[in-house]
Amino acid sequence: MRKFLSIGITTTLIIILLMGVNELPTFGEYDNPANNEVAHYYIEKATEDTGAMNIVTGIILDYRAFDTFVESSVLFTASIIVLLLLKKEKNSQDTEIDETIIQSTILKEVSKVIIPCIQIFGAYIIFYGHLSPGGGFAGGTIIGTSLILYRIIYGKKFTDKLLPYSRLIRYLCGSIMFYGLLKGYSFITGGNHLALPQPSLGTPGNILSGGFLLPLNILVGLIVAITIYFFFTLFDGGEI
Amino acid sequence: MLMFLIGASVAVSTIKSLLGAIIVFMVYSLIMTILWQQLNAPDLAITEAAVGAGITTILFILTLKRIKGVRK
Amino acid sequence: MEGLINNYYETGAIILFGIGFAILLLHNNLIKKIIGMNIMDTAIFLFFIAKGYIIGRDAPIIIGAHKGVHGYINPLPSALMLTGIVVAVSTTAFALALTVKLYDGYGTIEVDEIIKMRSD
């Protein structure tokens, strides 16, 4: 009975939505109502205003930077929630649940070569975020997975000396507050046309161009990497 | 490409073992990445490849280990 | 009917949304419900990106000379959906953490048995 009702409701919803899709403008025409002068303004003026060659990065980190700020805070909230739900205190009753330490030498030797390569690739995607596709999110995820690989191979005790919990939490909270400060400074001085010192735009095509784009990219990457690392360690048995 | 996506999502519904459903979901996410590249959005393709086919699958498999049940 | 066949990307996105919604409603297992929710999310992203595509133009990255306004696709839907992907993974992580705590509390993850246990 419940199955027929659910399939019936779904089919009704799909038919109503498909009748709406019938009326949409044709796919891929250039005079669609969605391609109005807002998109034309963004394409024309992106390099002069922000100094970014990648128009999408210029939009999400300069024209609409508050969207990125609130979305970083959504990631921060998710990591805090998982921390609240799944963290175990350091009781004495948990000492018999050992993690399986991998004793093979092949993994340790290969990981000494591969993990720095993964981190350099992730840092490349973050630093060139305004010149080629990528940005803070993808690069941050790649660095986070390299930390996860480190933790899988070397076990819990060894990794906790290197990346302790207190230091990671301090970096996470500091990153998001620093993002808010930087963007607030740029917003206030730009909006009121004050002549306070600002990072220069530079020539498009260099890494150090674009004013505030590079620091904001690095901060977003740091937030994403620490969140991904927290997700893994909390799901695998609570961390210290 | 779209037919493969629709077929994969129907297969997620009918496969009974949870591990098989998670693997098919990872393939679905990967085909979605190729589709983003066909529609000329490279930023989204890189982000979806790293996040969808990487992090979501790892989280599902870790949950499966915690609930101690790979139903045959 | 030919409107549906011309915009095949949008039609496919709506059908995927419907299949994800049906998976969310039909199954008893909590993990399949979360997979269904994720399928719904990515179907909506496909719908939006298909609205921003223009035939014959390039991706919005300036290489060399600037091609002018009529050389690039619409960059705006792509920038908006980048945020959406991150929100989708956050929601999935939150739902999976709740599933782990439910298993610790009740011992099962079938929704029927949890409702039966609570109504006793």
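The rules behind these values
- Residues numbered from 1 in each chain as written.
- Chains lettered and ligands numbered in written order.
- Predicted model: local features only at pLDDT ≥ 70, side-chain atom pairs only at ≥ 80, totals over all residues.
- Helix = DSSP H or I, 4+ residues; strand = E, 2+ residues; numbered from the N terminus.
- Contact = placed C-beta atoms within 7 Å.
- Nonpolar A, V, L, I, M, F, W, Y, C, P; charged D, E, K, R; others polar.
- Axes fitted to C-alpha atoms, helices over the stretch in contact; angles between N-to-C directions.
- Parallel < 35°, antiparallel > 145°, perpendicular 65-115°, else oblique.
- Left-handed = near helix turned anticlockwise from the far one by under 90°.
- Core = buried A, V, L, I, M, F, W, Y, C linked by C-beta atoms within 7 Å.
- Buried ≥ 20, exposed ≤ 12 C-beta atoms within 10 Å, placed from the backbone.

**With respect to the overall build of chain B**
- In terms of helices and strands, chain B carries 3 helices and 0 strands.
- Mapped in sequence order, the helices and strands of chain B form the string α-α-α.
- Overall, the C-alpha framework of chain B stretches about 40 × 25 × 10 Å when taken along its three principal axes.
- Partitioning the contacts of chain B with sequence separation of at least 6, the portion at a separation of at least 24 is 40%.

**With respect to the interface of chain A and chain B**
- The interface is formed by 14 residues belonging to chain A together with 13 residues belonging to chain B.
- The leading source of residues in the side of chain A that touches chain B is helix H6 (residues 136-154) of chain A, at 5 residues.
- Considering only residue class, the side of chain A that touches chain B consists of 9 nonpolar, 4 polar and 1 charged.

**Remarks on the packing of helix H3 (residues 42-66) of chain B against helix H4 (residues 76-106) of chain C**
- Relative orientation of the contacting elements H3(B) and H4(C) amounts to 5°, with a least axis distance of 10 Å. Here H3(B) lies roughly parallel to H4(C), going by the angle between them. Residue-level contacts link B:Asp43, B:Leu44, B:Thr47, B:Glu48, B:Val51, B:Ile55, B:Thr56, B:Leu59, B:Thr63 and B:Arg66 of H3(B) to C:Ser78, C:Met81, C:Leu82, C:Ile85, C:Val89, C:Thr92, C:Ala93, C:Leu96, C:Thr99 and C:Val100 of H4(C).
- Each residue belonging to the contact of H3(B) with H4(C) can be placed in one class, and the counts come to 11 nonpolar, 6 polar and 3 charged.

**Section: the packing of H6(A) against helix H9 (residues 213-235) of chain A**
Residues and elements named next belong to chain A.
- One way to put it is that H6 packs onto H9 with a least axis distance of 7 Å and a crossing angle of 35°. In terms of crossing hand, the pair formed by H6 and H9 is right-handed. Of H9, the residues touching H6 (which contributes Gly136, Phe137, Gly139, Gly140, Thr141, Ile143, Gly144, Thr145, Leu147, Ile148 and Arg151) are Asn217, Val220, Gly221, Leu222, Ile223, Val224, Ala225, Ile228, Tyr229, Phe232 and Thr233.
- Here the contact of H6 with H9 is built from residues that sort into 12 nonpolar, 9 polar and 1 charged.

**Section: the nonpolar core**
- Core analysis: the largest hydrophobic core is formed by 99 residues, its most contacted members being A:Phe231, C:Ala13 and C:Leu46.
- When residues of this core are assigned to their parent elements, the largest contribution, 16 residues, is made by H9(A).
- When residues no more than four places from it in sequence are discounted, the contact partners of C:Leu46 are B:Leu35, C:Tyr9 and C:Ala13.

**Structural notes on the interface of chain A and chain C**
- Contacts between the two partners involve 44 residues from chain A, matched on the other side by 40 residues from chain C.
- Counting residues per element, the ones that place at least two in the side of chain A that touches chain C are helix H1 (2-21), helix H2 (37-50), helix H3 (55-63) and helix H4 (65-86) of chain A.
- Each residue belonging to the side of chain A that touches chain C can be placed in one class, and the counts come to 29 nonpolar, 10 polar and 5 charged.

Worth remembering: the numbers are spatial, not functional.
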